[in-house]
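These are the residues of each chain, in order.
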Amino acid sequence: MTAPVPDVHAGAGVQRAAPATRRVLAQAAFEARMILRNGEQVLVAVVIPVLALVGLVKGTFVEIDTDGLSRADFLTPGVLALAVMTASFTSQAIATAFDRRNGVLRLMATTPLGRGGLLSGKVLGVLAVEAVQVVLLGAAAFALGWRPDAAGVVLALLGVALGTGAFTALALLVAGTLRAEAVLALANLLLLVLALGGGVIVPAERLPGPLSTVAAWLPSGALGDVLRGALVDGALPLVPVLVLAGWTVALGALAARLFRWH
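Residues numbered from 1 in each chain as written. Predicted model: local features only at pLDDT ≥ 70, side-chain atom pairs only at ≥ 80, totals over all residues. Heavy atoms only, no water.

Here we look at the overall build of the protein chain
Secondary structure assignment for the protein chain yields ten helices and zero strands. Based on the C-alpha atoms only, the size of the protein chain along its principal axes is roughly 100 × 35 × 35 Å. Going through the 262 residues of the protein chain one by one, you find that 44% of them count as buried. When contacts within the protein chain are restricted to residue pairs at least 6 apart in sequence, those whose partners lie at least 24 apart make up 78%. Both charge centroids of the protein chain, one from 18 positive and one from 14 negative side chains, sit 14 Å from each other. (Helix = DSSP H or I, 4+ residues; strand = E, 2+ residues; numbered from the N terminus. Buried < 20%, exposed > 50% of the residue type's maximum accessible area, 1.4 Å probe, protein only. Contact = heavy atoms within 4.5 Å. Lys, Arg positive; Asp, Glu negative; His and termini not counted. Charge placed at Lys NZ, Arg CZ, Asp CG, Glu CD.)

Some details on the UniProt feature "transmembrane region" (unreviewed entry) in the protein chain
The feature "transmembrane region" (unreviewed entry), as annotated in UniProt, sits at residues 42-62, 74-98, 119-144, 150-175, 182-202 and 238-259 in this numbering. Secondary structure content for residues 150-175 is 100% helix and 0% strand, while the C-alpha to C-alpha distance between its ends is 37 Å. Helix makes up 95% of residues 238-259 and strand 0%, with an end-to-end C-alpha separation of 31 Å. (UniProt positions renumbered as here; feature names shortened; annotations may be inferred.)

Remarks on a nonpolar patch on the surface
Taken together, the side chains of Leu 25, Val 123, Leu 124 and Leu 127 define a hydrophobic patch exposed on the protein surface, amounting to about 290 Å² of accessible area. Of note, Leu 127 is situated in helix H5 (residues 114-143). Given the relative accessible area of 34%, Leu 127 is considered partly exposed. (Patch = residues over 30% accessible without salt bridge, like charges linked within 9 Å, V, L, I, M, F, W, Y side chains within 5 Å. Areas by Shrake-Rupley, 256 points an atom, 1.4 Å probe, with all protein chains shown as cover. Salt bridge = Lys/Arg side-chain N within 4 Å of Asp/Glu carboxyl O.)

What to know about the packing of helix H3 (residues 71-101) against helix H7 (residues 180-197)
Running from N to C, H3 and H7 point in directions that differ by 170°, and their axes come no closer than 9 Å. By the angle class used here, H3 and H7 are roughly antiparallel. Note on element contacts: H7 touches H3 through Ala 180, Glu 181, Val 183, Leu 184, Ala 187, Asn 188, Leu 190, Leu 191, Leu 194 and Ala 195, opposite Leu 82, Met 85, Thr 86, Phe 89, Thr 90, Ala 93, Ile 94, Ala 97, Phe 98 and Arg 101. In terms of residue class, the contact of H3 with H7 is made up of 15 nonpolar, three polar and two charged. (Axes fitted to C-alpha atoms, helices over the stretch in contact; angles between N-to-C directions. Parallel < 35°, antiparallel > 145°, perpendicular 65-115°, else oblique. Nonpolar A, V, L, I, M, F, W, Y, C, P; charged D, E, K, R; others polar.)

Thoughts on the nonpolar core
General note: in soluble globular proteins, nonpolar side chains tend to be found buried as a group. Counting 59 residues, the largest nonpolar core has Leu 53, Met 85, Phe 89, Phe 167, Leu 223 and Leu 227 as the members making the most contacts within it. Of all the secondary-structure elements, those providing two or more residues to this core are helix H2 (39-58), H3, helix H4 (104-109), H5, helix H6 (150-175), H7, helix H9 (219-233) and helix H10 (238-258). The leading source of residues in this core is H3, at 14 residues. When neighbours within four sequence positions are excluded, Leu 227 is seen to be in contact with Pro 77, Leu 80, Ala 81, Ala 156, Gly 159, Val 160 and Val 232. (Core = buried A, V, L, I, M, F, W, Y, C linked by side-chain atoms within 4.5 Å.)

Notes on H2
Considering bend angle alone, the principal kink of H2 is centred on Val 47 and spans about 35°; proline Pro 49 follows within four residues of it. Among the residues of H2, Gln 41, Ala 45, Val 46, Pro 49, Leu 53, Leu 56 and Val 57 are the ones counted as buried. The inward-facing, buried residues of H2 abut helix H1 (20-37), H3 and H5. (Bend = angle between axes of the 7 residues up to and from the residue.)

Observations regarding the packing of aromatic side chains
Summed over all chains, the structure comprises two aromatic pairs. When the ring of Phe 259 is compared with that of Trp 261, the centres are 5.1 Å apart and the planes differ by 75°; the resulting orientation is edge-to-face. Exposure remark for Phe 259: the relative accessible area of 13% places this residue in the buried category. When the ring centre of Phe 142 is taken as origin, the NZ or CZ atom of Arg 147, which lies over that ring, is 3.9 Å away. (Phe/Tyr/Trp six-rings, centres within 6.5 Å; stacked < 30°, edge-to-face > 60°. Lys NZ or Arg CZ within 6 Å of the ring centre and 35° of its normal.)

Considering the packing of H6 against H9
One can describe the packing of H6 onto H9 by two numbers: an axis separation of 8 Å at closest approach and a directional angle of 170°. As summarised for this structure, H6 and H9 are arranged roughly antiparallel, according to the angle between their axes. Residues Gly 152, Val 153, Leu 155, Ala 156, Gly 159, Val 160, Gly 163 and Phe 167 of H6 form the contact with H9, whose own contacting residues are Pro 219, Ser 220, Leu 223, Val 226, Leu 227, Ala 230 and Leu 231. Here the contact of H6 with H9 is composed, by residue class, of eleven nonpolar, four polar and no charged.

Printed below as a string of structure tokens:
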């Protein structure tokens, strides 16, 4: 007669993956820590926008027509838009491109986190970094005399969310299709071009010639206009919101279709 088989609990000794939400949040925290611990990325994402704000508000080397507003009230929304672009596009594109080149993305995609969880963690990590940016920039701007429309502060969060979606999708599109070295050069160059002529800090209608028309339809110009409308006028301008939402959908679809994991 054979000995009876002991009744072993089905899950004993088996390690189960954490719930999907916990995995994504853990990845988001990791992404945010990696950005904030990297000196170069902190310089680009936090230090440069703060210095740009202080220099533009206090400096007299550039004459700016503020439409009767204080320089702090007029310039702060644009600098906030620039900060969103640095965190969601430049930093994310470079970090993702080198993770892809080094095989990190391919490895992470095979874990229980999965591709969707990895990308969701990246977006949430960017939002966490942007929260730090907004607090620091807001404190600096307030010290410089910035007094935003109270109702517009909440509305501006919609602009930040749409801008983050659009520029994170652009970052993933670039990082997932080009070599890491090309992404490093392109991301910094594109940020510079958009900052100077993309309607971010200076409204699109004030740019010279046909550039004013083009900039208004770029994600950078739309983001700047949305934040200026919210924080200065206390209302969301419809056309820039639709333009920004359109870029978010279009770039997200392209990134999902063309992104290569290795």
